[in-house]
Amino acid sequence: MAYWLIKSEPDAFSWSEQVENGVEPWTGVRNHQAKKNLAAMEVGDRAFFYHSNVGREIVGVVEVVRAGYPDPTAEDGRWVCVDVRAVGPMPRPVTLAQIKADRALEDLALVRQSRLSVVPVSDAHWGHLCAMGGWNSHG
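Here the residue numbers are simple positions, counted from 1 along each chain's written sequence. Side-chain atom pairs in this predicted model are given and counted only at pLDDT of 80 or more, local residue features only at pLDDT of at least 70, and totals for whole chains, interfaces and linings cover all residues. Here the side-chain values reflect all heavy atoms present in the structure, with hydrogen atoms and water set aside.

### Looking at the sheet that holds strand E6 (residues 118–121)
Phase 1: Strand order in the open sheet formed by six strands is E2-E5-E4-E3-E1-E6, and the pairing between neighbours is mixed. This sheet does not close on itself; its edge strands, each paired only once, are strand E2 (23–26) and E6. Across the sheet, the mean angle from the axis of one strand to that of its neighbour is 40°, orientation sign disregarded.
Phase 2: Those strands touched by helix H5 (residues 123–133) are strand E1 (3–8), strand E3 (46–51), strand E4 (57–70), strand E5 (80–95) and E6, and its axis lies near 45° from that of E5. Following DSSP output, two strands are said to pair if at least two bridges run between them. Strands are runs of DSSP state E lasting at least 2 residues, helices are runs of H or I lasting at least 4, and numbering of each runs from the N terminus. Under this scheme, a helix contributes an axis fitted over its contacting stretch, all axes are lines through C-alpha atoms, and angles between N-to-C directions fall in the 0 to 180 degree range. Residue contacts follow a heavy-atom distance rule, with two residues in contact if any of their heavy atoms lie within 4.5 Å.

### Focus on the UniProt feature "domain: EVE" (unreviewed entry) in the protein chain
Phase 1: On the UniProt side, "domain: EVE" (unreviewed entry) is annotated at positions that read residues 2–132 here.
Phase 2: Annotated as residues 2–132, this span is 27% helix and 38% strand, and its ends, taken at the C-alpha atoms, are 19 Å apart. UniProt positions are given in the numbering used here, feature names are shortened, and annotations may be inferred rather than shown by experiment.

### Let's talk about H5
Phase 1: Residues of H5 that are buried: His125, Trp126, Leu129, Cys130 and Gly133. One face of H5 carries all of its buried residues, which in axial projection span an arc of 130°. Opposite its buried face, H5 presents the exposed residues Asp123, Ala124 and Ala131, each directed more than 90 degrees away.
Phase 2: Two residues or fewer after H5 comes glycine 134, characterised by a positive phi angle close to 80°. The cut-offs for exposure are 20% and 50% of the maximum accessible area for each residue type, with area from a 1.4 Å probe on protein chains only; residues under the lower value are buried, those over the upper are exposed, and the others partly exposed. What the arc describes is the spread of directions from the helix axis to the C-beta atoms.

### Observations concerning the nonpolar core
Phase 1: Take the buried residues of types Ala, Val, Leu, Ile, Met, Phe, Trp, Tyr and Cys, join any two whose side-chain atoms come within 4.5 Å, and each joined set is a nonpolar core. Residues Trp26, Phe48 and Ile58 are the most contacted members of the largest nonpolar core, which totals 40 residues.
Phase 2: Considering each element in turn, this core owes the most residues, six residues, to E5.
Phase 3: Beyond its immediate sequence surroundings of up to four residues, isoleucine 58 is in contact with Leu5, Phe48, Phe49, Tyr50, Met90, Pro93, Val94, Ile99 and Leu129.

### As for the side chain of histidine 125
Phase 1: Its place among the elements puts histidine 125 in helix H5.
Phase 2: Overall, histidine 125 belongs to the buried group, its relative accessible area being 10%.
Phase 3: Beyond its immediate stretch of four places on either side in the chain, histidine 125 contacts Ala104, Leu105, Asp107 and Leu108.

### Concerning the pattern of salt bridges
Phase 1: Within this document, salt bridges are pairs made up of a side-chain nitrogen of Lys or Arg and a carboxyl oxygen of Asp or Glu, the two lying within 4 Å of each other. Counting across every chain of the model gives five salt bridges.
Phase 2: Notably, a salt bridge pairs arginine 30 with aspartate 71, separated by 3.0 Å at the nearest N-O pair. Taken as a pair, arginine 30 in the loop between E2 and helix H2 (32–40) and aspartate 71 in the loop between E4 and E5 lie far apart in primary sequence, 41 residues in all.
Phase 3: A salt bridge links glutamate 63 to arginine 46; the shortest N-O distance between them is 3.4 Å. Here the residue glutamate 63 occupies a position in strand E4, and arginine 46 occupies one in strand E3, the gap between them amounting to 17 residues.
Phase 4: Owing to a relative accessible area of 13%, arginine 46 belongs among the buried residues under this scheme.
Phase 5: What emerges from the salt-bridge pattern is a single network uniting Arg46, Glu63 and Arg85.

### A word on the packing of aromatic side chains
Phase 1: Pairing of aromatic side chains requires ring centres within 6.5 Å, counting the rings of Phe and Tyr and the six-membered ring of Trp. Pairs whose planes differ by under 30 degrees are stacked, by over 60 edge-to-face, and all others tilted. With the rule as written, the count across this model stands at six aromatic pairs.
Phase 2: Ring plane angle 15° and centroid distance 4.3 Å describe the contact between tyrosine 3 and tryptophan 126, whose orientation is recorded as stacked. With a gap of 123 residues between them, tyrosine 3 in strand E1 and tryptophan 126 in helix H5 connect regions that are remote in the sequence.
Phase 3: Using a relative accessible area of 3% as the deciding quantity, one classes tryptophan 126 as buried.
Phase 4: Taken together, a centroid distance of 3.9 Å and an interplanar angle of 20° make the contact between phenylalanine 48 and tryptophan 126 stacked. Here the residue phenylalanine 48 occupies a position in strand E3, and tryptophan 126 occupies one in helix H5, the gap between them amounting to 78 residues.
Phase 5: Taken together, the ring pairs in this structure connect Phe13, Trp15, Trp26 and Phe49 into an aromatic cluster.
Phase 6: For lysine 35, the ring lying beneath its charged end belongs to tryptophan 79, and the centroid distance is 5.5 Å.
Phase 7: Charge-over-ring contacts are defined here by two conditions on Lys NZ or Arg CZ: a distance within 6 Å of the ring centre and an angle within 35 degrees of the ring normal. In this arrangement the basic side chain of arginine 66 is found over the ring face of tyrosine 69, its NZ or CZ atom lying 3.5 Å from the centre.

In structure tokens form, the structure reads like this:
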């Protein structure tokens, strides 16, 4: 299993909408590195659901339920998406400020490549962030 962080602006698509919708296609990514990250996702991978712009915090965990396929919102067919399902809310949302203040997370892609909307998360960072947020990383 690999781990990821996916960003969404909550005024465009929020965690509560993800929960309400159940399974949701993660569409609209138009960055080549983020596209490569989406294409690398496999069924069963987990991702933090991060509210960007407003909130700037990890608010939940999702699971990939369908691996990369052509993004139906892309007119040229060059982009990919995955389907994700809400697993559960982060008991204590983890803010960007908390992440940046933690030296153990200084090389987290969210910090190093802040503009990317889909980034990998190492096993060590996943466990650390889960502990910060009160999430059982083995469940």
